[in-house]
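In case you want the letters, here they are:
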Amino acid sequence: MIRIKETLFFLLIALPLIAQNNSSSPYSSTGLGENTFNGTQATRHMGGLDVFTDSIHANLANPASYGFLKFTTYSIGVNYINNYISDISESQNIDIASLDYLSVSIPTKKFGFGFGIIPFTSIGYRLQDVSELEDSNIFNRYEGSGGLNRAYFSLGIPISKNISIGSTLNYNFGNLLYRSGQFVDGIDNGTFLVNESDVSGFNYQLSLQLVLPINKKFKAQAMFSLEPLSFLDSQNRRIFYTQSLSRETIIEFTEIDLAQSNLNRTTLELSPITKIGFGLGKNKKWFFGAQYNLAKTSTFENRFFERNNVSYQDSKKWSLGGYFIPNYASFTSFWSRVVYRFGFRSEQMSTIINNIAIRENGVTLGLGLPLTGLSNVNVGFEIIQRGQSTSGLVQERILALRVGLSLNDIWFIKRVYN
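Residues numbered from 1 in each chain as written. Predicted model: local features only at pLDDT ≥ 70, side-chain atom pairs only at ≥ 80, totals over all residues. Heavy atoms only, no water.

A cluster of nonpolar residues, Tyr80, Phe288, Leu320, Phe342, Phe344, Val363, Leu365, Phe381, Ile383, Leu399 and Leu401, forms a patch on the protein surface that exposes about 990 Å² of accessible area. At the level of secondary structure, the elements contributing two or more residues to the nonpolar patch comprise strand E16 (339–353), strand E17 (356–370), strand E18 (376–387) and strand E19 (395–409). Here Ile383 shows up in strand E18. Judged by relative accessible area, Ile383 falls into the exposed class, the value being 54%. (Patch = residues over 30% accessible without salt bridge, like charges linked within 9 Å, V, L, I, M, F, W, Y side chains within 5 Å. Areas by Shrake-Rupley, 256 points an atom, 1.4 Å probe, with all protein chains shown as cover. Salt bridge = Lys/Arg side-chain N within 4 Å of Asp/Glu carboxyl O. Helix = DSSP H or I, 4+ residues; strand = E, 2+ residues; numbered from the N terminus. Buried < 20%, exposed > 50% of the residue type's maximum accessible area, 1.4 Å probe, protein only.)

Right, here's the structure in full:
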């Protein structure tokens, strides 16, 4: 009972953080928003490899890994991000901090399971352009907020000592809000159009994990994961209003009847995703792996909120990464027991803007700092470059500090002494 109360407390203390916005990217205006990485900091610091699994870290993005878990793990991850955004004429720095994940993972004698909540997508942008006329200027403003959260339940079952299968059921929910406005220099009243969607729906993931000993020292790991095509329900509202800019009061308000155009309720696609990864390592010493992700996003569309200059293609991502431990059993040197992680990823994103495909590259470095027992703190830096500063686009240079806490315990084992 005490441990159950601790688990509920662990989940409740961070729930207010879920509502915080965790994107500052203009590119979050496309699709369902900016996709967030659905794994732990330890995985992210290796370039986002889902293929690596061990007995003390929960691998949230690979449910089959729960079949190898030996210790109950409480996991929480937070981040601080600085986004330097620039185009050909100006630049801006934006700082945000938010939650990356919150999870509990529990092994039993027959299987392992886990549950938690993860920000799935996020929208956070504010853009403005000016049309210069002879006697006045017209200001056009575009902004968005919200995103989707994901509550999940994962189950991993070991088929043998070296093979595990798993599945995750996700419930996705959230609110997407897009607002555009126009006002004239010297005139107090501006006109605004708001498109808002309440989105919800289920999807699932299947995965297979292999951990194959090559000899007494080396092990190979392999992973295959599939998220089939699924759909989300979107309940939509469209509002047009006039607002006094100086008094910030709404003067005229009209809600548009979307039922006439069959846009009051639409369906959004969650594209199918396939992942395959391989790696080789020496137990408690080093690991190096590679992974390929393919998301069939070219068929995505949002009939309710369409963008004339935006289209979609399949998303492809390559990840390379691993870790190194100088001496995990050292009694004299703390830094010899630290896990040194590194990674690189390159992604062809799903978004095409002004007929230009958007790319993203990232480099990660991380430290796994040991705590009492098998618990640890994972601290790392990530450097990301996204987009370009020409052809009407913006370039983002992102520096992220990410911290993850992994607390380990033993459940479902009968105590000999009290």
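This part takes up the nonpolar core. Membership of the largest hydrophobic core comes to 26 residues, with the highest contact counts inside it found for Leu32, Leu148, Leu176 and Leu232. Going through the elements one at a time, strand E4 (112–132), strand E6 (163–184), strand E11 (265–270), strand E14 (310–312), E16 and E17 are the ones with two or more residues in this core. Per-element accounting of this core gives the leading share, 3 residues, to E4. Look past the residues within four positions of Leu232 in its chain and what remains in contact with it is Leu32, Leu148, Asn172, Val199, Ser200, Gly201, Thr266, Thr267, Leu268 and Leu270. (Core = buried A, V, L, I, M, F, W, Y, C linked by side-chain atoms within 4.5 Å. Contact = heavy atoms within 4.5 Å.)

Moving on to unusual backbone geometry. Its identity as a non-glycine residue notwithstanding, Asn262 has a phi of 60°, on the positive side. Tracing the backbone shows Asn262 in the loop between strand E10 (249–255) and E11. Overall, the relative accessible area of 54% leaves Asn262 in the exposed class. One non-glycine residue, Lys284, lies in the positive phi region at around 60°. Relative to the helices and strands, Lys284 is located in the loop between strand E12 (273–282) and strand E13 (286–295).

It is worth spelling out the confidence of the model for the protein chain at this point. In the predicted model, the protein chain carries a mean pLDDT of 89, and the fraction of residues at 70 or more is 93%. Mean pLDDT in the protein chain bottoms out at helix H1 (residues 2–13), which sits at 45, and peaks at E13, which reaches 98. For the stretch residues 1–15, pLDDT sits under 50, and the model shows 23 contacts to residues farther than four places along the chain or on other chains. In the predicted structure, residues 411–418 sits below a pLDDT of 50 and forms 11 contacts with residues beyond four places in sequence or in another chain. (pLDDT = per-residue confidence, 0-100.)

Another aspect to go through is the environment of Glu255. With respect to the secondary-structure elements, Glu255 resides in strand E10. On a C-alpha basis, the gap between Glu255 and Val194 in space is 9.5 Å, while along the polypeptide they are 61 residues apart. Not counting chain neighbours up to four residues away, the residues in contact with Glu255 comprise Arg237, Arg238 and Ile239.

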